[in-house]
Amino acid sequence: MEQLQDIIRAVATPDETLGQKAQEHLDDLTKPRGAFGRLEELARQLCVMRGTLKLTQPKCAVAVFAADHGAALSGMSAFPREVTVQMVMNFLAGGAGINVLSRNAGALVQVVDVGVDYDFPPLEGLVSAKVARGTANLLERPAMSREEAIRAIMAGAKVAGDLIDQGYDLLIPGEMGIGNTTASSALAAVFCGLPVAQVTGRGTGLDDEGLRRKVAAIENALALHRPDPSDPLGVLAALGGLEIAAICGYALKAVSRRVPVLLDGIISTAGGLCAALLCPPAKSYFIAGHLSVETGQGAMLARMGLRPLLDLGLRLGEGTGAVVAINLVRAAVAIYKEMATFSSAGVSDQKEKPA
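This structure is a prediction, so every number in the text was calculated from the model and none was measured. (Residues numbered from 1 in each chain as written. Predicted model: local features only at pLDDT ≥ 70, side-chain atom pairs only at ≥ 80, totals over all residues. Heavy atoms only, no water.)

A. Structural view of unusual backbone geometry. In this structure, arginine 226 is a non-glycine residue whose phi angle is positive, near 45°. Considering the arrangement of structural elements, one finds arginine 226 in the loop between helix 8 (208–225) and helix 9 (232–239). Overall, the relative accessible area of 70% leaves arginine 226 in the exposed class. The phi dihedral of glutamate 318 falls on the positive side, at around 70°, and the residue is not glycine. Tracing the sequence through the fold places glutamate 318 in the loop between helix 12 (295–304) and helix 13 (320–338). (Helix = DSSP H or I, 4+ residues; strand = E, 2+ residues; numbered from the N terminus. Buried < 20%, exposed > 50% of the residue type's maximum accessible area, 1.4 Å probe, protein only.)

So this is what it looks like as structure tokens:
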């Protein structure tokens, strides 16, 4: 626990005055003021997050945390739990959606086994950080002990630290784990104080009856555990997944070193929200990559005051929506860094409107 507290204490409250100075530079670029809308907002946020007025194009990395969920054994997913193992192999072979989109965006993909119910041999590209062979079934008992949750958090923190040491300065949390939308929806209900039905989606493609069973199961789990939202670590342990805890640690370590975190869908956002509840300044370093079809993600983004960059109807997870948003981050940096100013280009600035 002390190691986790050390990371939390290292998260600095960002200097918002840098945003004002960044906007002055943006206003001096050869365009009408505010013409690039949210791209200007994003450039300004990056200056604040990084603590500098000199932006460079990010070196991006995705960590795909893989873990199994006991709840998947209760039929809460349209896919069997064995798919977790199969998808890990697909990631390593470079054939998954996250691989394709990351190649297109120029991002590294790192696969991390933090809790898959399978013993992988040593494989190139796979980081072994297994805390347990999946969680317990949260519908019957706590998914993890507090100690397991902390170990998973620290496993994620180590992955982030290693990537930052290699020069990566924009981190994306990805995930794989059959049953993880159940855990994420449960976390969303508790942390956002909303009815389960309002924050629960179809996951891998449940039909109407499957969705009704999923909602009822989560409601029963909340009645069983009676989680206390003022104790985010306890809620994470009772309801979360090993990969969600790892994402929490990954995000905390990144922001402790002033590295922005580009969040993906509901599972990624659940991990980010856990980090923000453990350390409120952390959310100042988060960028919401996209809005998932899974309704619980929107509620959690609202809880953190984050607006998604994209809304494309995506619901795959893995980090895919965030990777698509990398191009917007690159565009914001390019505008800020490469456009001429009015004075350097010899262009007349817009006239001030009379009072």
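That shown, we press on.
B. Structural detail: the side chain of glutamine 110. With respect to the helices and strands, the residue glutamine 110 is situated in strand 2 (residues 107–115). Look past the residues within four positions of glutamine 110 in its chain and what remains in contact with it is Val62, Ala63, Val64, Gly125 and Val127. (Contact = heavy atoms within 4.5 Å.)

C. The pattern of salt bridges, seen in detail. What the rule picks out here adds up to 15 salt bridges. One salt bridge in this structure joins aspartate 162 and lysine 158, with 2.8 Å as the shortest N-O distance. A residue pair is termed a helical-turn pair when its members lie 3 or 4 positions apart in one helix, as aspartate 162 and lysine 158 do in helix 6 (residues 146–165) at 4 residues. For aspartate 162, a relative accessible area of 32% corresponds to the partly exposed category. Put simply, arginine 202 and aspartate 208 hold a salt bridge, and the shortest N to O gap is 2.7 Å. A relative accessible area of 37% means that arginine 202 is categorised as partly exposed. Salt bridges here are not isolated pairs; linked through shared partners, they connect Arg81, Asp117, Asp119 and Arg133. (Salt bridge = Lys/Arg side-chain N within 4 Å of Asp/Glu carboxyl O.)

D. Spatial organisation of the packing of aromatic side chains. Counting across every chain of the model gives 2 aromatic pairs. Aromatic pair phenylalanine 65 and tyrosine 250: ring centres 5.3 Å apart, planes at 80°, arrangement edge-to-face. Of this pair, phenylalanine 65 sits in strand 1 (residues 60–67) while tyrosine 250 sits in helix 10 (residues 242–256), and the two are 185 residues apart along the sequence. Like tyrosine 250, phenylalanine 65 is buried. On the basis of an interplanar angle of 70° and a centroid distance of 4.9 Å, the ring pair of tyrosine 118 and phenylalanine 120 is categorised as edge-to-face. Taking the relative accessible area as the measure of exposure, tyrosine 118 reaches 38% and is therefore partly exposed. Looking at lysine 59, its charged tip hangs above the ring of tyrosine 168, at a distance of 4.5 Å from the centre. (Phe/Tyr/Trp six-rings, centres within 6.5 Å; stacked < 30°, edge-to-face > 60°. Lys NZ or Arg CZ within 6 Å of the ring centre and 35° of its normal.)

E. Geometry of helix 7 (residues 180–192). Taking 1.5 Å of rise per residue, the 13 residues of helix 7 would be expected to cover 18 Å, and the 18 Å separating its terminal C-alpha atoms lies within 8% of that figure. By the criterion of burial, helix 7 is predominantly enclosed, with 13 of the 13 residues buried. Two residues or fewer after helix 7 comes glycine 193, characterised by a positive phi angle close to 65°. (Expected span 1.5 Å × (residues − 1).)

F. Highlighting the pairing of strand 2. With respect to burial, strand 2 is a largely interior element, 7 of its 9 residues being buried. In terms of strand pairing, strand 1 meets strand 2 through 8 bridges, oriented parallel. Residue alanine 63 lies in a different strand from strand 2, and its bridge partner there is glutamine 110. Both strand 2 and strand 3 (residues 126–128) contribute to a ladder of 3 bridges, which runs parallel. Its bridge partner lying in strand 3, valine 112 is registered against valine 127. (Pairing = 2+ DSSP bridges.)

G. Seen up close, the state of the cysteines. Scanning the entire structure with this criterion turns up 0 disulfides. In this structure cysteine 60 is a free cysteine whose sulfur lies 16 Å from that of cysteine 47, the closest cysteine sulfur available. For the unlinked cysteine cysteine 248, the closest cysteine sulfur is that of cysteine 274, found at 5.5 Å. (Disulfide = S-S within 2.5 Å.)

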